[in-house]
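Below are the chains, spelled out letter by letter.
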Amino acid sequence: NNKMQEKKKEGEKKANFFTPLMTEFRKKDIMQIIVGASLIAVFFGFSSEMRKLGESLPLANLIGLVIFSLSFISIFVYYHYHHQRNHAHHKREFFKRVLSTYFIPFIIVAVLLTLIKEAPWLTDFTITLKRIIIVTLPSSMSAAITDSLH
C-alpha cells in the first residue's frame, strides 16, 4: 500500500514537471482576450440600451459591476488554470491573467466607444466611464472564455 502511494506521488511529480505550464500568460493568450473582448464589445457597444444605462446607473451599482466582473474572471481563471497549483509563480500568473482579462477589454471598449462617438471624455467623463464599465462586463466574460480555448 505504501509502495502504491509512493508511486502515485512520484507520478504526480512527473506529471507536474512534464505538463506544459498552462498557467503562464503568453502573447497567444493576449490575442485570445482581444478577440473575445472585441466580439462582445462591438455588439454591446452599439446598443442604445447600454448607453442609456450608462447615463442612469448609480456609482454603487458600477462598483458592483466591476466587483462582479473581477469575481467571475477570478473564479473562472482559478478553476480553469490554477486550482491544482499553489506556487508563488502561479499566483503571479493568476493575478496577471485576471487583471489582463479585465483591463484589455476595458481598453477595447473605451476605444470602440470613442470611435463611435459615444464616449464624451471631455464633456462628461463620468458617463464615459459608466458606459465603459457596463460594456466591459460582458466583454471581459467573453474574453475569459475565449482565453480558455487552446
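As a reminder, the structure under discussion sits directly above these lines.
Residues numbered from 1 in each chain as written. Predicted model: local features only at pLDDT ≥ 70, side-chain atom pairs only at ≥ 80, totals over all residues. Heavy atoms only, no water.

Draft legend 1. Local environment of helix α6 (residues 125–147). Given a rise of 1.5 Å per residue, 23 residues ought to cover 33 Å, and the 30 Å separating the end C-alpha atoms of α6 matches this to within 8%. The largest bend in α6 comes to about 35°, at T136, with the proline P138 one to four residues further on. Burial runs high along α6: 19 of the 23 residues are buried. (Helix = DSSP H or I, 4+ residues; strand = E, 2+ residues; numbered from the N terminus. Expected span 1.5 Å × (residues − 1). Bend = angle between axes of the 7 residues up to and from the residue. Buried < 20%, exposed > 50% of the residue type's maximum accessible area, 1.4 Å probe, protein only.)

Draft legend 2. Quick peek at helix α3 (residues 48–56). Residues M50, R51 and G54 constitute the buried set of α3. Viewed along the axis of α3, the buried residues span an arc of 100°, placing them on a single side of the element. In α3, the exposed residues that point more than 90 degrees away from the buried face are E49, K52 and S56. Summarising the contacts, the buried residues of α3 are in contact with α2 (27–45) and α6. (Arc of directions from axis to C-beta. Contact = heavy atoms within 4.5 Å.)

Draft legend 3. The side chain of T146, seen in detail. Position of T146 relative to the elements: it lies in helix α6. For T146, a relative accessible area of 16% corresponds to the buried category. With sequence-adjacent residues up to four places away left out, T146 is seen in contact with Q32, I33 and G36.

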